[in-house]
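Listed below, chain by chain, are the residues.
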Amino acid sequence: MSDPVASLIPLLLLVLIFYLLVLRPARKRQRDFVKTQQALSEGLRIMLASGIYGTITALRDSEADVEIAAGTVITINRQAIASVIDESVDESLDESTDES
């Protein structure tokens with residue numbers, strides 16, 4: 001007869017691995033998404049999930065107006081905003097490429 005606790009160890013290891021590889025990263029992505037949504041404000045440079053860059057011109061509960069080119073404003077769902085672009089990083093990259 002085998003020990004019943006010993007037969008549960010592989011199952012517990014599988015649950016632990018599932019948590020570490022699937023659930024924990026998913027929770028982190030969700031927290032990052034909520035943090036990004038709360039940080040949105042007019043005038044921020046953003047990147048949409050489709051890869052389009054633009055500047056927020058107006059924010060509403062579930063929508064945002066984004067200027068993607070001079071005089072071209074589109075209305076998007078706020079959830080389509082993938083990230084906020086840090087202008088200071090962009091400027092430092094531009095300066096380092098200009099010097100070479």
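Described below are features of the structure shown in this document. Given the structure is predicted, the values throughout are model-derived calculations rather than measurements. (Residues numbered from 1 in each chain as written. Predicted model: local features only at pLDDT ≥ 70, side-chain atom pairs only at ≥ 80, totals over all residues. Heavy atoms only, no water.)

**Comments concerning the overall build of the chain**
Moving on, step 1. Each helix and strand in the chain was counted, giving 2 helices and 5 strands.
Moving on, step 2. Sequence-ordered secondary structure for the chain, helices as α and strands as β, is α-β-β-β-β-β-α.
Moving on, step 3. Taken across its 100 residues, the chain has 15% of its residues classed as buried.
Moving on, step 4. The contacts in the chain between residues at least 6 apart in sequence include a share of 33% that link residues at least 24 apart.
Moving on, step 5. As displayed, the chain has an accessible area near 7600 Å², and 59% of this comes from carbon and sulfur atoms. (Helix = DSSP H or I, 4+ residues; strand = E, 2+ residues; numbered from the N terminus. Buried < 20%, exposed > 50% of the residue type's maximum accessible area, 1.4 Å probe, protein only. Contact = heavy atoms within 4.5 Å. Areas by Shrake-Rupley, 256 points an atom, 1.4 Å probe, with all protein chains shown as cover.)

**Considerations on the pairing of strand β4 (residues 72–77)**
Moving on, step 1. Sheet analysis places strand β3 (residues 63–69) next to β4, joined by 6 bridges and oriented antiparallel. Its bridge partner being in β4, Ala69 is matched across the sheet by Thr72.
Moving on, step 2. If you look at the hairpin formed by β3 and β4, you'll find 2 residues sitting between the two strands, and Gly71 has a positive phi there, around 80°. (Pairing = 2+ DSSP bridges.)

**Observations regarding the sheet that holds strand β2 (residues 53–59)**
Moving on, step 1. Pairing in this open sheet of 5 strands is antiparallel, and the strands run β4-β3-β2-β1-β5 from one edge to the other. Only two strands of the sheet have a single partner each, and these edge strands are β4 and β5 (81–84). Neighbour to neighbour, the strand axes of the sheet diverge by 45° on average, direction disregarded. (Axes fitted to C-alpha atoms, helices over the stretch in contact; angles between N-to-C directions.)

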